[in-house]
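A look at the structure
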Amino acid sequence: MKVGKDIHKPKIPLAKPAFNKEMERAAVNALRNERFVLGESVYKFEEEFAKYCGVDHAVSTSSGTHALQIGLTALGVARGQHVITTPASFIASSNVILHVNATPIFVDIGLVTYTIDPEQIKQAIRRKTQAVIPVHLYGYPADMDSINEIANKHELYVIEDACQAHGAFYKGRKVGSLGDVGCFSFYPSKNMTVAGDGGMLVTNDEKVAEKAAKLRDCGRKSKYVHDLIGYTARLNTVNAAIGRVQLKHLDEWNMKRRRNAQIYSRLLSDIDMLILPPRGDSETLPVYHLYVIRSRHRDRLKAWLESNGIQCGIHYELPIHLQPIYKKMYGFEEGAYPKSEELCKTCLSIPMYPDLTSGQINFVSEKIHEFFA
Ligand SMILES: Cc1ncc(COP(=O)(O)O)c(C=O)c1O
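Residues numbered from 1 in each chain as written. Predicted model: local features only at pLDDT ≥ 70, side-chain atom pairs only at ≥ 80, totals over all residues. Heavy atoms only, no water.

What to know about the nonpolar core
For the record, the criterion: As used here, the term nonpolar core means buried Ala, Val, Leu, Ile, Met, Phe, Trp, Tyr and Cys residues forming a set that is joined through side-chain atoms within 4.5 Å. Per-residue accessibility, obtained with a 1.4 Å probe over protein chains only, is compared with the maximum for each type, and a residue is labelled buried under 20%, exposed over 50%, and partly exposed between these values. Runs of H or I in DSSP of at least four residues are treated as helices and runs of E of at least two as strands, each being numbered from the N terminus. Throughout, a contact is declared for two residues whenever any of their heavy atoms are within 4.5 Å.
Residues Phe-45, Phe-49 and Ile-121 are the most contacted members of the largest nonpolar core, which totals 48 residues. Contributions of two or more residues to this core are made by helix 1 (21–33), helix 2 (40–53), helix 5 (118–124), helix 6 (144–154), strand 9 (199–203) and helix 8 (237–268). Among the elements that take part in this core, helix 8 stands out by supplying seven residues, more than any other. Each residue touching Phe-49, except ones within four places of it in the same chain, is listed here: Phe-184, Phe-186, Met-192, Met-200, Val-202 and Leu-247. By size, the runner-up hydrophobic cluster in this structure holds 36 residues, among which are Ala-261, Val-292, Leu-301 and Tyr-316.

What follows is the structure in C-alpha cells.
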C-alpha cells in the first residue's frame, strides 16, 4: 500500500489540466527568445484564436474576468446602465458589471440547459438596459437566436460569457462569435488553459477590438501616451506560447469530452432519481466543460463518491444573488430566482476530462448505482 502524500489524493480527480513536453518547450522558447510582455506569441495566439472562433479579431487578457470587463467598457457600458445576466454562474459574470459601475439585473435560467431564459430577459428590459451577458454554462450554448433577436429589437449589446465553452457550436458557428463580443477564460480547469490565468475577447468589430487592446495595455496610444484609462491586464508571453499549443489540441480534447459524456449518460440513464446533463442535438454541440448531474441527495452522494476516491465539485454552492456580498448590497432573499437556486442545491460535477478512461467512467457510474441501490 502506498503511504505518505498519495494516500489523500483522489483516485479519480474532477479535472486534469494538460501540460506536456511540447508545451514546456514552447514556454522555454518564448521565455528565452521573446519579450516577457506582449511578445510575438501573444499576437500569434490572438490570430490563431480569432481564426478558430471564426471572427476577425481576438484580444488576449490576463483573465476571463478582465476579458468581460474590458468587453463591457469597450462597448461603452458604464455607470447608471443595466446589464442583464443570470445568477447561475461563477460570480465573475456579474462582478464585471459592477466593475464598470453598471447594475447587474438577474433573470433566471431554464432547468433543461441551465442557461438564461430568453422570455425572462424580455420582462427585465428597462430604459437603462444596455447589454445582456448570456453564460454558456458547463459548456452548453445558450439560446443565442432568441437572445440576439431580443437584443436587436431593444438595441442591446450581447456579450457572450464563453468562459466554460471553448469550441462549442451553436447552429454551425462557434460560441463567442454569436454576439457583439465573446469572452473566454484559460484558467487551469478550463477546456484549454495557458497554464495559469488568462483570457481572450473575440469580436468582429474592429473599433471594439482596438479599444479592448488599448484597455488591456494601460490605455496606451503609444509607449508613453495614453488616451484611455486602461488596466494592466495583458496575457504574459509565456502563457500565450503555451496557449498556442493547447489550442491545437482543443478539438480533439472536446471530442473526447463528448465521448466521455456519452458513456456516462448511457451508464446512468436508468437511474430515475438522477437528472443528467442536456445532450445537445443537430444544432447544438456542447463541450462538457463539466459533467453535472442533479440529485435531491446531492450532499450524501458527493460524500459517498469522495469516500471512494472520486473527486466531485459543486458548480456552484450559491447562485450569485445569494452570495453574501450580493445579499448585503441588494438585500436578495432566497426564492428570488428559484431555478438557479434549485440548480445550486442539487448539482454535482463528477470527473470529466479528455483522458478519463472508460474504466474510470465505469467505476464512477457503478459507485453512483451502488449509492442509489
Ligand atoms: C462562467 C465564467 N465566467 C467568468 C469566469 C472568469 O474567468 P477567470 O477566472 O479567467 O477570470 C469564469 C471562470 O471561472 C467562468 O467559469
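Resuming the write-up.
As for unusual backbone geometry
For the bond from His-315 to Tyr-316, the omega torsion is 15°, close enough to zero to count as cis. Tracing the backbone through its elements, the reader meets Tyr-316 in the loop between helix 9 (298–307) and helix 10 (324–330). Its identity is not glycine, yet Leu-38 carries a phi of approximately 50°, on the positive side. Mapped onto the elements, Leu-38 comes out in the loop between helix 1 and helix 2. A relative accessible area of 11% means that Leu-38 is categorised as buried. Even without glycine at this site, Tyr-288 takes up a positive phi of about 45°. Note that Tyr-288 resides in the loop between strand 12 (284–285) and strand 13 (291–294). Judged by relative accessible area, Tyr-288 falls into the buried class, the value being 7%.

Notes on the packing of helix 8 against helix 12 (residues 358–372)
The criterion, for reference: Axis definition: a line fit to C-alpha positions, over the contact stretch in the case of helices; interaxial angles, taken between N-to-C directions, run 0 to 180 degrees. Geometric relationships in this document are graded by angle, where less than 35 degrees denotes roughly parallel, more than 145 denotes roughly antiparallel, 65 to 115 denotes roughly perpendicular, and other angles denote oblique. A clockwise turn of the near helix away from the far one marks a right-handed crossing, whereas an anticlockwise turn of less than a right angle marks a left-handed crossing. Residue classes follow a fixed rule: Ala, Val, Leu, Ile, Met, Phe, Trp, Tyr, Cys and Pro count as nonpolar, while Asp, Glu, Lys and Arg count as charged, and any other residue, Gly among them, counts as polar.
Relative orientation of the contacting elements helix 8 and helix 12 amounts to 30°, with a least axis distance of 10 Å. Relative to helix 12, the element helix 8 is oriented roughly parallel. Here helix 8 and helix 12 pass one another in a crossing that is right-handed. Here helix 8 contributes Asn-260, Ile-263, Tyr-264, Leu-267 and Leu-268 to the contact with helix 12, which in turn contributes Ser-358, Ile-361, Asn-362, Val-364, Ser-365, Ile-368 and His-369. Residues that form the contact of helix 8 with helix 12 fall into these classes: seven nonpolar, five polar and no charged.

Quick notes on the side chain of Glu-160
Under the convention used in this document: Only four residue types enter the charge count, namely Lys and Arg as positive and Asp and Glu as negative; His and the chain termini do not. Salt-bridge detection follows one rule: a side-chain nitrogen of Lys or Arg within 4 Å of a carboxyl oxygen of Asp or Glu. Pairing of N or O atoms within 3.5 Å defines a polar contact, subject to two protein rules: one partner must be a possible hydrogen donor and the other a possible acceptor, and residues neighboring in sequence count only if both atoms are side-chain atoms.
Within the fold, Glu-160 resides in strand 5 (residues 157–161). Despite its burial, Glu-160 remains without a salt bridge, the nearest opposite charge being carried by Arg-173 at 7.0 Å. A distance of 2.7 Å separates a polar side-chain atom of Glu-160 from the backbone nitrogen of Leu-178. The residues contacting Glu-160, other than those within four sequence positions of it, are Leu-68, Pro-134, His-136, Met-144, Val-175, Gly-176, Ser-177, Leu-178, Gly-179, Val-181, Gly-182 and Cys-183.

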